[in-house]
Amino acid sequence: MTCWETFQAYGFRSVGIGERLLPKTDFTLCEHFVLIGSGLVWNLYFGILALFFGFFLANAVALAKASANPWLRKPAEWFIYLFRGSPLFIQFFLAYESFVLLPRAGIDIPLGFTTITVATSWLSKAWAGALLVLFLNTAAYSAEIFYGALRSVPKGDIEAADAYGMSGWPRFRRILWPTMMRLAWPAYTNEAIFLFHATTLVYFSGFPSFQQQGDSLYYANYFAQKTFNPFIAYPVIAAYFILLTLIVITLFGIVNRRLNRHLPQANRSRIRLRPQLIR
């Protein structure tokens, strides 16, 4: 089988297109790259959606934590402390066990004179349950980053906004929020990189993959078990994630330059990669 035929057979296997059975013997380097690259689709799915929705929740939580109202501030503080204070791996297991314990037939919610049954079995699948955990986890970490940036907004910017008669939502939209993003963006970039790396934990989390069409680590582990040689499959997946990290740095760097376009070149914040070894 040529490399092109391998791509046609396994290039989209992770989404249910192509051969159903995995190769059994005589594994080629092309099969390693194609199958592991096919599984990377799920890592992108988890990372992109969790990052997108987590961004909006993180902004809301950061504002709630900065609020003087204790009914807003305390839940935000507890939310951040809960997800930052416990390992992500444990969060996966606790969430999976909780979702499994929910009734598979659904939960009945009384609504007036009728009852609505809300299905819950889908939460025990990786595409939903694991995504929910990653979404909440990255929202908590990002909220703390945004909160710190919000507290670091220069006092002169706020005084200038007051001098122009800005208050409430206009002041937040035109002064506070852009400055907060500018200050937080380098640290938020590192959070985005770590989130994509953290998607590999889904394989170990207990959440079942969709019809055995797993992520990149699923296929890397398959090759390592079959060949008893981890020095091919795991470097391949590492190369994919290094490339993914470079793409994230490039995209976030473009946004960072956009946020700092009004500043002199010497005063612009630069994105520096600081890998988190322990979370």
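As a starting point, this report considers the structure included with it.

Definitions and limits used
- Residues numbered from 1 in each chain as written.
- Predicted model: local features only at pLDDT ≥ 70, side-chain atom pairs only at ≥ 80, totals over all residues.
- Heavy atoms only, no water.
- Helix = DSSP H or I, 4+ residues; strand = E, 2+ residues; numbered from the N terminus.
- Buried < 20%, exposed > 50% of the residue type's maximum accessible area, 1.4 Å probe, protein only.
- Contact = heavy atoms within 4.5 Å.
- Areas by Shrake-Rupley, 256 points an atom, 1.4 Å probe, with all protein chains shown as cover.
- Core = buried A, V, L, I, M, F, W, Y, C linked by side-chain atoms within 4.5 Å.
- Axes fitted to C-alpha atoms, helices over the stretch in contact; angles between N-to-C directions.
- Parallel < 35°, antiparallel > 145°, perpendicular 65-115°, else oblique.
- Left-handed = near helix turned anticlockwise from the far one by under 90°.
- Nonpolar A, V, L, I, M, F, W, Y, C, P; charged D, E, K, R; others polar.
- Expected span 1.5 Å × (residues − 1).

## Considering the overall build of the chain
No. 1: Of the regular secondary structure elements, the chain holds 9 helices and 2 strands.
No. 2: Listing each helix as α and each strand as β along the chain from the N terminus yields α-α-α-α-β-β-α-α-α-α-α.
No. 3: A burial count over the chain gives 42% of its 279 residues as buried.
No. 4: When contacts within the chain are restricted to residue pairs at least 6 apart in sequence, those whose partners lie at least 24 apart make up 73%.
No. 5: Of the roughly 16,100 Å² of accessible surface on the chain, a fraction of 67% belongs to carbon and sulfur atoms.

## Some words on the nonpolar core
Nonpolar side chains in soluble globular proteins tend to be buried together.
No. 1: Membership of the largest hydrophobic core comes to 69 residues, with the highest contact counts inside it found for I36, F46, F92, L134 and F146.
No. 2: Listing elements by their share of this core, those giving two or more residues are α1 (3-10), α2 (29-65), α3 (70-85), α4 (88-101), α5 (126-151), α7 (168-198), α8 (216-227) and α9 (230-259).
No. 3: In contact with F146, other than residues within four places in its own chain, are F55, A58, N59, A62, M180, M181, A184 and Y188.

## Structural notes on the packing of α2 against α3
No. 1: Between α2 and α3, the shortest axis-to-axis distance is 7 Å and the interhelical angle comes to 125°. Classified by the angle between their axes, α2 and α3 sit oblique to one another. The chirality of how α2 crosses α3 is left-handed. In this structure, α2 contributes L57, V61, A64 and K65 to the contact, and α3 contributes L72, R73, A76, E77, F79 and I80.
No. 2: Of the residues in the contact of α2 with α3, the class split is 7 nonpolar, no polar and 3 charged.

## Some remarks on the packing of α2 against α7
Packed helices, taken two at a time, are described by the angle their axes make and the gap between the axes.
No. 1: Where α2 meets α7, the closest approach of the two axes is 11 Å, and the angle between their N-to-C directions is 145°. Viewed along their axes, α2 and α7 form a crossing whose handedness is right-handed. Mapping the contact onto sequence places N43, L44, G47, I48, A50, L51, F55, N59 and L63 in α2 and F172, W177, M180, M181, W185, Y188, A192, L195 and F196 in α7.
No. 2: The residue makeup of the contact of α2 with α7, split by class, is 15 nonpolar, 3 polar and no charged.

## Digging into unusual backbone geometry
No. 1: The phi angle at D26 is positive, at roughly 50°, despite the residue not being glycine.
No. 2: Examined against the element boundaries, D26 turns out to sit in the loop between α1 and α2.
No. 3: With a phi angle near 55°, F228 is a residue other than glycine that sits in the positive phi range.
No. 4: You can see F228 is positioned in the loop between α8 and α9.

## Some thoughts on α4
No. 1: The end-to-end C-alpha distance of α4, which contains 14 residues, comes to 20 Å, matching closely the 20 Å that a straight helix rising 1.5 Å per residue would cover.
No. 2: On its buried side, α4 packs onto α3, α5 and α7.

By themselves, these observations are geometric and do not establish any function.
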